[in-house]
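# Close look at the chain arrangement
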Amino acid sequence: MIISGKELSAKLKAEMAERVATFPAEYGRVPHLVVILVGEDPGSVSYVKGKAKASAEVGIRNTTIRRPDTITEDELLGMIAELNADDGVDGILVQLPLPKHIDEDKIIAAIDKSKDVDGFHPLNVAALWQKQPCTLPCTPKGIMKLLKDSGVELAGRKAVVIGRSTIVGLPVAKLLLDENATVTITHSRTKNLADVTREAEILVVAIGRPKFVTADMVGDGAVVIDVGVNRDPETGKLCGDVDFEACEPKASLITKVPGGVGPMTIACLIENTIEAFLKKVAK
Ligand code: GUN
């Protein structure tokens, strides 16, 4: 059985659109997301377009600011300071990765915590790990919604995460732990990785290597969530971190790339923007 992020995200966006339609009458305006894109990286350009398209579908305002990769760190910090001070801006997202001469951590920390719709600000990260109210990072949040919507039981079950990034691997492991799964985080240096992943009842793969997970790494009946967005080196087509064709027969539930986690990430970004807006206007 395939878990469709495309379908669930469409449903969530339709629900959000209904709510947002009531905002002008209730609050005088709709939520406003500002996305900053530095440079021309084709992957980033396409992600940013996806965010603008979803914003339009839900009816929130989206401003995409594009700057050349020659922008200085100070210029970018200046832009963020202005957006932080602008009451008409609810969410600020700086598309990553940034050019090497810009310190990503410094940029993320400069975004007002209440406008950090990515959930990457150190105070949001700290709040997540202290189980305090926080803005959840979009991809882990989307994965948890997919699992919940598919009725996957998590409490007491073995979950294995491949990848330890601050954007996906670490926070999704924490969210699985919060649902009382028994969580193992694995990575490129894990010994006998297949022996570990075969034990997983829930396998979340965010390693960033095309078709890295092969059939021998998947246990019978496992739930497999593929976070990868790669180009297949053979066909040039979009593919995940999981060899879908090979692993699908072994999995009880599995996501596809595209149409799996990706659309959920975007739906959660819109949700985070709406939540940031509501926190502000409800003050
Ligand atoms: N680059 C890849 N994924 C993301 C994301 O979730 N947010 C931002 N800002 N940049 C990214």
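Just so you know, the residues in each chain are numbered from 1, in the order the chain's sequence is written. Where local features are concerned, this predicted model is filtered to residues with pLDDT of at least 70; where side-chain atom pairs are given and counted, the filter is 80 or more; whole-chain, interface and lining totals use all residues. Based on all heavy atoms of the structure, the side-chain values leave hydrogens and waters out of the count.

### So, the sheet that holds strand β4 (residues 91-94)
- At least two DSSP bridges between two strands are needed for those strands to be called paired. Only runs of H or I of at least four residues qualify as helices and only runs of E of at least two qualify as strands under DSSP, and these elements are numbered from the N terminus. Across the sheet, which stays open at both edges, the 3 strands sit in the order β3-β2-β4 with parallel pairing between neighbours. At either margin of the open sheet sits one strand with a lone partner, and together these are β3 (61-67) and β4. Adjacent strand axes in the sheet meet at a mean angle of 15° when their direction is disregarded. Between the N-to-C directions of two axes lies an angle of 0 to 180 degrees, each axis being a line fitted to C-alpha atoms and, for a helix, fitted only over the stretch in contact.

### Observations concerning the pairing of strand β5 (residues 158-162)
- Under the scheme applied here, a residue whose accessible area is under 20% of the maximum for its type counts as buried, over 50% as exposed, and between as partly exposed, the area being computed with a 1.4 Å probe on protein chains only. Burial runs high along β5: 4 of the 5 residues are buried.
- Pairing analysis gives 5 bridges linking β5 to strand β6 (residues 182-186), with the strands arranged parallel. Considered in β6, the bridge of lysine 158 is made with threonine 182.
- At this point the chain moves from β5, through helix α8 (residues 169-178), to the parallel β6, and the crossover so formed is right-handed. If the strands point away from the viewer and the path from the first strand over the helix to the second runs clockwise, then the crossover is right-handed.

### Re the nonpolar core
- Within the largest apolar cluster, 50 residues are counted, with the highest numbers of intra-cluster contacts made by Ile143, Leu147, Leu176, Val204, Ile225 and Ile274.
- Per-element accounting of this core gives the leading share, 11 residues, to helix α11 (residues 261-281).
- Remark: nonpolar core denotes a set of buried residues (Ala, Val, Leu, Ile, Met, Phe, Trp, Tyr, Cys) joined through side-chain atoms within 4.5 Å. Ile71, Met79, Leu83 and Ile111 belong to the second largest nonpolar core, which has 19 residues in total.

### Describing the packing of helix α1 (residues 5-20) against helix α7 (residues 138-149)
- Close contact between α1 and α7 brings their axes to 11 Å; oriented N to C, the two are set at 100°. Considering their axes alone, α1 and α7 lie roughly perpendicular with respect to each other. On α7, the residues that touch Gly5, Leu8, Lys11 and Leu12 of α1 are Lys145, Leu146 and Asp149.
- Its residues assigned to classes, the contact of α1 with α7 comprises 3 nonpolar, 1 polar and 3 charged. Here the word oblique covers every angle except those under 35 degrees (roughly parallel), over 145 (roughly antiparallel) and from 65 to 115 (roughly perpendicular). Contact between two residues is taken to exist if any of their heavy atoms lie within 4.5 Å; hydrogens are not considered. Nonpolar residues are Ala, Val, Leu, Ile, Met, Phe, Trp, Tyr, Cys and Pro. Charged residues are Asp, Glu, Lys and Arg, and all others, Gly as well, are polar.

### Some words on the site of the ligand
- If even one non-hydrogen atom of a residue comes within 4 Å of a molecule or strand, that residue is called near it. Surrounding the ligand, one finds Leu93, Val94, Gln95, Leu96, Asp118 and Phe120.
- Counting of polar contacts relies on pairs of N or O atoms within 3.5 Å, with two restrictions inside protein: one atom must be capable of donating a hydrogen and the other of accepting it, and residues adjacent in sequence are counted only when both atoms are side-chain atoms. In this structure, aspartate 118 approaches the ligand through a side-chain N or O atom, which is 2.5 Å from a nitrogen atom.
- Surface burial for the ligand is 80%, taken as the share of its 280 Å² of free accessible area covered by protein chains.
- In terms of residue class, the shell around the ligand is made up of 4 nonpolar, 1 polar and 1 charged. Here the accessible surface of atoms and residues is derived via Shrake-Rupley with a 1.4 Å probe, and residues count as covered only by protein chains that are part of the display.

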